[in-house]
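In case you want the letters, here they are:
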Amino acid sequence: MKVVIGKGSCGIAAGALKIEHTLKTLLADTACELGIAGCIGMCFLEPIVDIYAHGVLLRRLVRVSESDCAIIAEAVKTENLSLLDHLTVSEEDNAFLTKQTRIALRNCGLIDPENINAYIEADGYKALRKVLTMTPENVIEEIKISGLAGRGGAGFPTWFKWNAARQSAGDEKYLICNADEGDPGAFMDRAVIESDPHALLEGMLIAAYAIGATEAFVYVRAEYPLAIVRLQKAIEDATAKGYLGENILGSSFSCHVRIKAGAGAFVCGEETALIESLEGKRGMPRLKPPFPAQKGYEEKPSNINNVETFANVAWIINHGGAAFSAMGTENSKGTKVFALTGKIKRGGLVEIPMGLTLREVIYDIGGGIRDDKEFKAVQLGGPSGGCIPEALLDTVIDYKALSATGAIMGSGGMVVMDEGTCMVNMARFFLDFTTKESCGKCVHCRIGTRRMFEILTRITNGDGKDGDIELLEELCEGIRGGALCGLGQTAPNPVLTTIRYFRNEYEAHINEKKCPADECAALRSFAINKENCIGCGLCAKKCPVSAITGERKQPHTIDNEKCIKCGVCFTVCPVKAVTKNGGECNG
Amino acid sequence: MSEKKSLITVLQEKQEELGYLPMDELYKIAEETGNSPARVLGVATFYTQFRLQPVGKYLIMLCKGTACHVNGADGLEKAICEELGIADGDTTEDGLFSLKTVACLGCCSLSPAMMINDDTYGSLTPAKAVAILRDIRKGEVQ
Ligand SMILES: Cc1cc2nc3c(=O)[nH]c(=O)nc-3n(C[C@H](O)[C@H](O)[C@H](O)COP(=O)(O)O)c2cc1C
Ligand code: SF4
Ligand code: SF4
Ligand code: FES
Ligand code: FES
């Protein structure tokens, strides 16, 4: 039997290393093999341990703790797996996986990412071999048939970019993989690199062959140390086996791949800023045209694609472009990976065919909202995207349909929010992000986002004024028109969509000085009901700022000047004498 | 193709070696790489990874990305700041801890999350985060 431990970043954060260590000791003198895999994407169940015999998965054990290791060792030693029933993934949780269609994630969590042979056994590098017998034009044609569009956010047809780079004059061309994954709330690219780095490399090699590049870079964000380590090993192993480097597989095609670690700047995810950064400069976007296909890295023709885009390529070559385009909708083909997070029951990586509805992803796969709360909105596309309300949950996942809502497909971040999330504060959160990340080149982006942030801060602090919403809308328009790159152009989206779908929340903050979600602390108020207070003094003892005073056995009072609205008194009062927002008590 | 290191790589290596980028080192790098000091400082201040001040032995990177925000990162920040008596970007007087908020650690499904040096901690509550810090401090005292 083989015991496989899920060792992606999530698994490790949940405790996979300790489990690996313990199992290693316990299984030391047995015939059992211990192995590792990357992320299966069922992050809500980590740490995960899989038990295989002859390559067949017998059990998937979930939420494993160190103390479960003894019974796991016992079970595999005695081949009595029924000992593990209580740890085995439930039918219901397993639906998270069975409802997905995995192409980009085809090997994630199933193979050892640090072992090139595991990838080769899973049909790895077969597509590269095939491509070397094709002309570059035929490769591009196959990608065109597949309908593959860029998964980094903009959704531009991949074949078109490859073709433009191929057609560009010059012998020296570059291929670049964008693994900057800056959208907070997204981790698809990290999971692919950590779990199946060779799939990325194979896709890149095929692209390099198609456009005629002999040098390639992977620009990985610095926050992903494990991804960098695994990718580095993959590059070395692939080079040793002749899949990478000079005269690949005996052909005349040569290509080298190097990793460049980013240094932390969201705007460097924008392709021209990324190129500036690769060149060692401040990552400030360039004016387009010229496009990277004409003048990219070191002024040479370059092609940039996202990690997930590349991860689909080998599959398309192996199965044919038509098999890929058979999935999806009229204008969005194939599958898309989402990182489902937030107030969701089952959070993790979800790959589904285009054309499913948001509701299907959030409820059928994600299991709906945690703690039986009400759904409020789902955020797609991060700081460039928008918040989609309940009424639009039947929107299908398709580039056009999602754009029509005011949000975007984006790179795949899907953050679910419940009734306790304030939408004005959400907009403020994103503007805080964009003001910090604006590179500063354009006045509208640099200053406009700051003004919006200030207005939103004012509103959430209870100092909103009549006309603020209109002022925000005006600023949005200006920034959209006056910004050079996508960061600035799309920065208004979180504000515009929340105004569009949750205007009532803005109005409640501004006109009634109330936060309907009860998230904005400044708009909370606490008071002690003199009739009910028994003077036990518990609240006064617990108040972190000593805002409560009163004699023992006498009604207490809150000094609103001092109160920081933490809500502790509200929670601790044994007789529910503390009221919140002028009404409800803790009942 | 030349293997010439980009300025960013040079800075990354220097920071790896020293823990931060002292001003006189930036001048030295400018001289050695043939860049103006302004350009070197420009790059060093553009990217959040670069630090011009020394950091504590334990660098806490607290995620304030979207998923963590929705799951209560603000409360974590408050608890950590109170526990350590420092604000975002500062270092404790004993040089043990520095706190830096970041935009996403890629561990969103375990949000709210933080990283201390190379270790990631997920599904945090204010109490859990404080307990982790106290454990580290206890380990240091012994
Ligand atoms: C502000 C900004 C940030 C971006 N961040 C990323 C990113 O983190 N990853 C990514 O692949 N694309 C990102 N993009 C999109 C890239 O500019 C580019 O379109 C993409 O890498 C092209 O690859 P694709 O065609 O395979 O999607 C970003 C764009 C903008 C404007
Ligand atoms: S829009 Fe913003 S981020 Fe983009 S180039 Fe202009 S200032 Fe920089
Ligand atoms: S809400 Fe918090 S700060 Fe205000 S009185 Fe109650 S315990 Fe004190
Ligand atoms: S299990 Fe690794 S991405 Fe979640
Ligand atoms: S949003 Fe916090 S880890 Fe991604």
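Residues numbered from 1 in each chain as written. Chains lettered and ligands numbered in written order. Predicted model: local features only at pLDDT ≥ 70, side-chain atom pairs only at ≥ 80, totals over all residues. Heavy atoms only, no water.

1. Digging into the environment of Thr-135 of chain A
Residue and element names in this part refer to chain A.
Inference 1: Tracing the backbone through its elements, the reader meets Thr-135 in the loop between α6 (126–131) and α7 (136–146).
Inference 2: Looking at Thr-135, the relative accessible area reads 37%, which means it is partly exposed.
Inference 3: The sequence separation of Thr-135 and Asp-189 amounts to 54 residues, and the corresponding C-alpha distance is 29 Å. (Helix = DSSP H or I, 4+ residues; strand = E, 2+ residues; numbered from the N terminus. Buried < 20%, exposed > 50% of the residue type's maximum accessible area, 1.4 Å probe, protein only.)

2. Some details on the site of ligand 3
Inference 1: Around ligand 3 sit Phe-526, Cys-543, Val-545, Ile-548, Ile-558, Cys-563, Ile-564, Lys-565, Cys-566, Gly-567, Val-568 and Cys-569 of chain A, and those are all the residues in its vicinity.
Inference 2: Considered class by class, the residues forming the shell around ligand 3 number 10 nonpolar, one polar and one charged. (Near = heavy atom within 4 Å. Nonpolar A, V, L, I, M, F, W, Y, C, P; charged D, E, K, R; others polar.)

3. What about the domain arrangement of chain B?
Inference 1: We note that the domain assignment places domain 1 (7–46) and domain 2 (58–141) within chain B.
Inference 2: Here the C-alpha centroids of domain 1 of chain B and domain 2 of chain B sit 28 Å apart. (Domains from an automatic or database assignment.)

4. Let's talk about the environment of Leu-76 of chain B
Residues and elements named next belong to chain B.
Inference 1: Here Leu-76 is to be found in helix α5 (residues 73–84).
Inference 2: Leu-76 gets classed as buried once you look at its relative accessible area, which sits at 1%.
Inference 3: Sequence spacing of Leu-76 and Leu-21 is 55 residues, and the spatial spacing of their C-alpha atoms is 29 Å.
Inference 4: Here Leu-76 is in contact with Leu-62, Pro-112, Leu-124, Thr-125, Pro-126 and Ala-129, once residues within four sequence places are set aside. (Contact = heavy atoms within 4.5 Å.)

5. Comments concerning the interface of chain A and chain B
Inference 1: Taken together, the contact between chain A and chain B spans 53 residues of the former and 33 residues of the latter.
Inference 2: Summed over the three residues of chain A that lose the most area to chain B, namely Ala-263, Arg-282 and Phe-429 of chain A, the buried surface amounts to 17% of that side.
Inference 3: Here chain A is connected to chain B by zero salt bridges.
Inference 4: At the boundary of chain A with chain B, the tally comes to 12 residue pairs in polar contact (both at pLDDT 80 or more).
Inference 5: Looking at the side of chain A that touches chain B, the elements with two or more residues in it are α1 (9–14), β6 (215–220), β7 (256–261), α12 (271–278), β9 (335–342), β13 (413–418) and α17 (423–437) of chain A.
Inference 6: Ranked by residues supplied to the side of chain A that touches chain B, first place goes to α17 of chain A with five residues.
Inference 7: Class assignment of the residues belonging to the side of chain A that touches chain B gives a composition of 29 nonpolar, 12 polar and 12 charged. (Buried area = accessible area lost by both parts, 1.4 Å probe. Salt bridge = Lys/Arg side-chain N within 4 Å of Asp/Glu carboxyl O. Polar contact = N/O pair within 3.5 Å; in protein donor to acceptor, adjacent residues only side chain to side chain.)

6. A look at the sheet that holds strand β2 (residues 97–102) of chain B
Residue and element names in this part refer to chain B.
Inference 1: An order of β2-β1-β3-β4 is seen for the four strands of this open sheet, with the pairing classed as mixed. This sheet does not close on itself; its edge strands, each paired only once, are β2 and β4 (119–121). The mean inter-strand angle of the sheet, taken between neighbouring strand axes irrespective of direction, is 20°.
Inference 2: Summarising the sheet, strand β3 (residues 114–116) and β4 pair through three bridges and their orientation is antiparallel. Paired with Met-115 across the two strands is Thr-120, which belongs to β4. (Pairing = 2+ DSSP bridges. Axes fitted to C-alpha atoms, helices over the stretch in contact; angles between N-to-C directions.)

7. Quick notes on unusual backbone geometry
Residue and element names in this part refer to chain A.
Inference 1: Here the amide bond leading from Glu-46 into Pro-47 is cis, since omega sits at -5°, within 30 degrees of zero.
Inference 2: Of note, Pro-47 is situated in the loop between β2 (33–37) and β3 (49–53).
Inference 3: In this chain, Lys-288 is followed by Pro-289 through a cis amide linkage whose omega measures -10°.
Inference 4: Its place among the elements puts Pro-289 in the loop between α12 and β8 (302–306).
Inference 5: Unlike most non-glycine residues, Tyr-125 shows phi in positive territory, near 65°.
Inference 6: Inspection of the secondary structure puts Tyr-125 in the loop between α5 (116–121) and α6.
Inference 7: Judged by its relative accessible area of 0%, Tyr-125 is buried.

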